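# Understanding the architecture of this molecule
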Amino acid sequence: MPECIAFAIFLTLLGKHCANTAFAQHSFDLEKRRKAKEVQAVSDLQFRSCVMDETALSLGTIDVSYLSASADCSISRCKHSSEEWGEYNSRPTLFRSATLKWKEALLSRKRPFVGRCCYVCTPQSRDNFFNSSIPSLGLRNVIYINETHTRYRGWLARRFCYVLFVQERDVHKGMFAKNLTENVLNNSRVQKAIVDEASEPSAPGSFAQTDPKAINKVKKKARKILQEMVANVSPALIRLTGWVLLKLFNSFFWNIQIHRGQIEMVKAATEMNLPLIFLPVHKSHIDYLLLTFILFCHNIKAPYIAAGNNLNIPIFSTLIRKLGGFFIRRKLDQSPDGRKDFLYRALLYVHIEELLRQQQFLEIFLEGTRSRSGKTSGAKAGLLSVVVDALFSNATPDVLIIPVGISYDRIIEGHYNSEQLEYVNSQSQKPVPAPLSLEQALLPAILPSRPNDTVDESAAASLPNSRDITCEPFRRELISNLAEHILFTANKSCAVMSTHIVACLLLYRHRQGTDLSRLVEDFFSMKEEVLARDFDLGFSGNSDDVVMHAIHLLGNCVNITNTSRNNEFFVTPSITIPAVFELNFYSNGVFHVFIKEAVIACSLHAVQSRRCRNGTSGASPSLISQEHLVRKAASLCYLLSNEFNVSLPCQVIYQVCHESVERLIQYGILLVAEQDDQEDVSPSLTEHQWNKKLPEPLSWRSDEEDEDSDFGEEQRDCYLKVSQSQEHQQYITFLQRLLGPLLEAYSSAVIFVHNFSGPVLESEYIQKLHKHLISRTEKNVAVYAESATYSHVKNAVKVFKEIGVFKQTQQSKDTILELSTTFLPQRNRQKLLEFVMSFMVL
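Let me sum up the structure you'll find in this document. (Residues numbered from 1 in each chain as written. Predicted model: local features only at pLDDT ≥ 70, side-chain atom pairs only at ≥ 80, totals over all residues. Heavy atoms only, no water.)

### Thoughts on the pattern of salt bridges
Defined as follows: In the sections that follow, a salt bridge refers to a side-chain nitrogen of Lys or Arg positioned within 4 Å of a carboxyl oxygen of Asp or Glu. A helix here means a DSSP run of H or I that spans at least four residues, while a strand means a run of E at least two residues long, and both kinds are numbered starting from the N terminus.
Under the criterion given, the structure shown has 18 salt bridges. Between Glu182 and Arg223 there is a salt bridge, with the nearest N and O atoms lying 2.9 Å from each other. With Glu182 in helix H6 (residues 180-185) and Arg223 in helix H8 (residues 212-229), this pair connects stretches of sequence that are 41 residues apart. Overlapping salt bridges, with partners in common, bring together Arg509, Arg518 and Asp522 in one network.

### Focus on the sheet that holds strand S11 (residues 514-515)
Within a sheet, neighbouring strands are paired by backbone hydrogen bonds and run either parallel or antiparallel to one another. Operational definition: Here a strand pair is declared whenever DSSP counts at least two bridges between the two strands.
Read across the open sheet, the three strands follow the order S11-S13-S12; overall the sheet is antiparallel. A strand with exactly one partner marks an edge of an open sheet, and here the two such strands are S11 and strand S12 (558-562). As paired elements, S11 and strand S13 (residues 569-573) share two bridges and run antiparallel to each other. Bridging from a neighbouring strand, Asp515 pairs with Phe570 of S13.

### Structural notes on the packing of aromatic side chains
Condition: Any two of the Phe, Tyr and Trp rings considered here, Trp counted by its six-membered ring, make a pair once their centres fall within 6.5 Å; the pair's planes then place it as stacked at under 30 degrees, edge-to-face at over 60, or tilted in between. Accessible area is worked out with a 1.4 Å probe on protein chains only. A residue is then buried under 20% of its type maximum, exposed over 50%, and partly exposed in between. The criterion is that NZ of a Lys, or CZ of an Arg, lies within 6 Å of the ring centre and within 35 degrees of the ring normal, and then a charge sits over that ring.
If you walk through the whole model with that rule in mind, you get 16 aromatic pairs. Relative to Phe365, the ring of Tyr288 lies with its centre 5.3 Å away and its plane at 75°, an arrangement referred to as edge-to-face. Here Tyr288 is found in helix H11 (residues 287-297), whereas its partner Phe365 is found in the loop between strand S8 (362-363) and helix H14 (382-392), with 77 residues between them in sequence. With a centroid separation of 5.4 Å and 65° between ring planes, the pair formed by Phe756 and Tyr765 is classed as edge-to-face. Neither residue differs from the other here; Phe756 and Tyr765 are each classed as buried. Here a set of aromatic residues connected by ring pairs shows up, and it is made of Phe752, Phe756, Tyr765, Phe800 and Phe806. Just above the ring of Phe535 sits the side chain of Lys492; from NZ or CZ to the centre is 4.5 Å.

### Thoughts on the pairing of strand S16 (residues 719-722)
Within a regular strand, the side chains alternate between the two sheet faces. Alignment of strand S14 (residues 624-625) against S16, held across two bridges, turns out to be antiparallel. By the bridge assignment, Ile624 is partnered in S16 with Leu720. Of the pairings in the sheet, the one linking strand S15 (residues 670-672) to S16 comprises three bridges and is antiparallel in character. If you follow Leu670 over to S16, its bridge partner there is Val722.

### Examining the sheet that holds strand S19 (residues 814-819)
Spatially, S17-S19-S18 is the arrangement adopted by the three strands of the open sheet, whose pairing is antiparallel. Strands at the two margins of the open sheet, each flanked by one partner only, are strand S17 (760-761) and strand S18 (806-811). As defined by bridge partners, S18 adjoins S19 across six bridges and the pair is classed as antiparallel. Residue Lys807 lies in a different strand from S19, and its bridge partner there is Glu818.

### With respect to unusual backbone geometry
Although it is not a glycine, Asn394 adopts a positive phi angle of roughly 65°. Mapped onto the elements of the fold, Asn394 is located in the loop between H14 and strand S9 (400-404). Classification of Asn394 as exposed rests on a relative accessible area of 68%.

### Considering the nonpolar core
Selection rule: Grouping buried Ala, Val, Leu, Ile, Met, Phe, Trp, Tyr and Cys residues that are joined through side-chain atoms within 4.5 Å yields what is termed a nonpolar core. The contact rule is simple, with two residues in contact once any of their heavy atoms fall within 4.5 Å.
Counting residues in hydrophobic clusters, the biggest one holds 222 residues, and the most contacted among them are Phe293, Phe326, Leu362, Leu739, Tyr765 and Phe800. The element contributing the most residues to this core is helix H23 (residues 591-614), with 12 residues. Those residues in contact with Leu739 that sit more than four places away from it in its chain are Phe591, Ile595, Ala598, Val599, Cys602, Leu636, Leu640 and Phe644. By size, the runner-up hydrophobic cluster in this structure holds seven residues, among which are Tyr288, Ala307, Ile320 and Phe365.

The structure is reproduced here in C-alpha cells:
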C-alpha cells in the first residue's frame, strides 16, 4: 500500500461552533473579515491525505503570524510574531523561559511541514508525490466562490455563481461502481456461503442435500442484505448537496481552507488508477460530509463511506446512499444463537473487494465511533482487514492509504458530557491485538519477585518470521501495525486549536485562575512550543484576539471577572463537573504534543521518590541514571497504552523515550552530570535488581544494534541532574499535571480492586467503578475532577485485563470478570497500587 499524498483542509465556523481539520488558517475573505472584526483567529479543518504503504503523509501550511506576505493572503497583514514577541518580552513566561530560549531563531520560520510518509516503512513513497515547491503553493478557501471560479463573467454570473460552479463540476454516473449487487451475488465465495446457509447443519456445503427452495430463500435474504448495504450514488444529488452545503457552510463557517499543493498531490494520485482509502479520525457527525464536499469541489471522485447501521433510518438513509454511504452492522454477528454470520461476512467482504476492483475510493472510520474524550480511540480494524485481504487476493494491484486528521475549535454537537457522566453500554468492537501482550511487557516491572517474570521464549519463538499473509499471526500483526500507523499519523497531523491551548492552560497551568494578560502571554509561548515540536496550529493572528475568541467558544466553561487592580480581567475555569469534563475534552487536543515529555516528567518523579524511600548505595541522591529513567518511562507508556501512543510500530519505545530525555537535556531541564561525578556513582542495588527483572521486550538495546550507535555503553552510563531553576521546575510540574487525571483514575481503579468481590459482569463492574469515581469527584476528594470520565474507567479496566489482574470468561453474550491467581494475594494488589502511585505527584 504505497503512501503518496498529504491533504489539508481548514474549516472555520462563525458564532460558537468552530470546526477545523488540522492546520492553521491562513486567510479569509474581506467580507467575512468584516463580519467578525474583533476576532482574527481561525479554526481550521485540516484534511490530511497521506497515501502510503503503511502510514500516511500530510502537509503543513503557512500562518500569517509567521510570514509577512503570501500570495493567498486576502486580508490585511497580521502582526508578525517578532513584533508580538517584543510586546510580551518584558515578562518571560513559563514556556518561554523553560524551553524556548535555545530556539528563538525559529520564531520567524514557516509553519512546520507535517504528515510526511514514514521514512522507515515507506522510504520510496515518501517522495513520490512531493517536491520542494509543494509547501509554498498556498491555501484556498473552498467555500469562497465567485464568478472567477466559473467560465462566465458579469452580474448574472456573480448572482448565480454557486449554481454555475456546481454545474461545472465533473460528476457523472460512469465514475461510480456498476452492477454491484449482481456482481457480488454471482461471486463464488457468496455462492458458497448461500449454499452453506441453506444446507442442513449436519452437512454444510453439500449440494446433494440442499433444497432449491432453501437456496432461493437464502438468495432473497442475501439480496435484501445487499439492498441495505450497497450505495446507489446519484451525481444529480451530489451536485444538489454541493450547492446546499455551499449555502450552509457560508452561513455558519468563516471558511474552509485547503492547501493547493495537497490537492494537486491527491489529483496526481487519482491518475494512478488505483483505489484511494481515506481514513479520518472521527470527532463529529459533520466528518461524513466534509471529505465528499472537498473532493467534489476539486473534481475528484466521491468516496464510498462506511457508516454504521444505527444511521439507517428512513429518508436519511436514502440520502446517505445517494451520496455514497453504505451501511454495515456495528456488530457483524447478530444471529440469535450467537454463531458467526458467514453469509453477511461473505457479502461484506465481496462488496468491498468489488469496489476496490472497480477502482472506487473508500472512506473508513478506524475508530468505529466518534471520540468522546478528544483523543483518538483505539483502532477497530475490521474493514481495514477486509481491504488488506482484498489486496492480497489480487482484487486490485495496490491501494493508496490516506489518513485524515481533523480538529475542531468546538464540535457541532457541543460536548459529550452526558456520555462521560453516565454509563453507556456501547457495543464493543474487538481491536486488533498487538503481538506482545501487556502482561508480558509490564507485569515483571510491577511484580519483580515473580518466579516467571520474563517473557516465555517459546511463546516469543512461536511468532512467525514468515511474511506469508496466509499465516494468521503475521496477518494480525500486519493489520495491527497498519491501523496503529494510520491513527498515529492522522493524530499527529491534527492541528492544535486555540480552544485546546486555552483549556489546557486553565486546567493544568492556571487552575486557580489568572489575569487575562498572563493567560495571553502563556498562550503565545505555548503556541511557540507547539510549533517548535513540529506540530501545526489551527489559528493565526494576534494572541489577544485569539484568546478572547477561544474564551468565547468555551462559553460557560470559563468565568471572567473584572478586578479593581488596573482594571484587569481575571479568568478562571468553571469548577462544575460538566464544565471540567468539557475543558478536558478540548485540552486533550494538545495532549499529544507534550505527552512524551510528560511521561519523562512523571517517570522522573517515580525514580526520585524510589531513591528517597530506599536510600542510595554510593550514589549521589541528586543524580539519576538515564537508563533507569528511560526504563521507567517505557513502563509508564505500557501502562497507559490504551490512552495514547508515543511511538509508531516501526519504532522502539525505548528509542522514543531516550529521544525525549535528550530533548529535555537540550532544553536545559535535565543536566548531564560532570565526568567526575559520573565516575563516583555506582548503581544502587535496587537499580541492579530492577534491571535484571525487566523482560526482554523492554530491553534497552537489541543484539542487532551497532556498538557505535547512540545506545552504546557511553549512553548507558550517563547520569543526569534536574535543573533547580524556578522556570524549569514549574515546567516539570506542568508536564506532571498533564498526566495527573489519568494516573488518578488508574490509582483509584486499583484501590477499587482491593474491595473486589467477584465474579461479576464486566459491564456491571465498569458501571460501579464509574459511579465510585463520580462520587469521589462530587465529594471533592478527587484532585482532578476530569479523572472520573467514562473513557478513563473503560481503559483502566481494559488494562487490568491485559496485564492479568482480571481473568475473563465468556458466558453467552456477557463477559465475567474475576481476580486472577496472581493478584489474589493482597500484597500483589498493593504492589500494583504502589507502581501506579509512584508516578503521581500529590
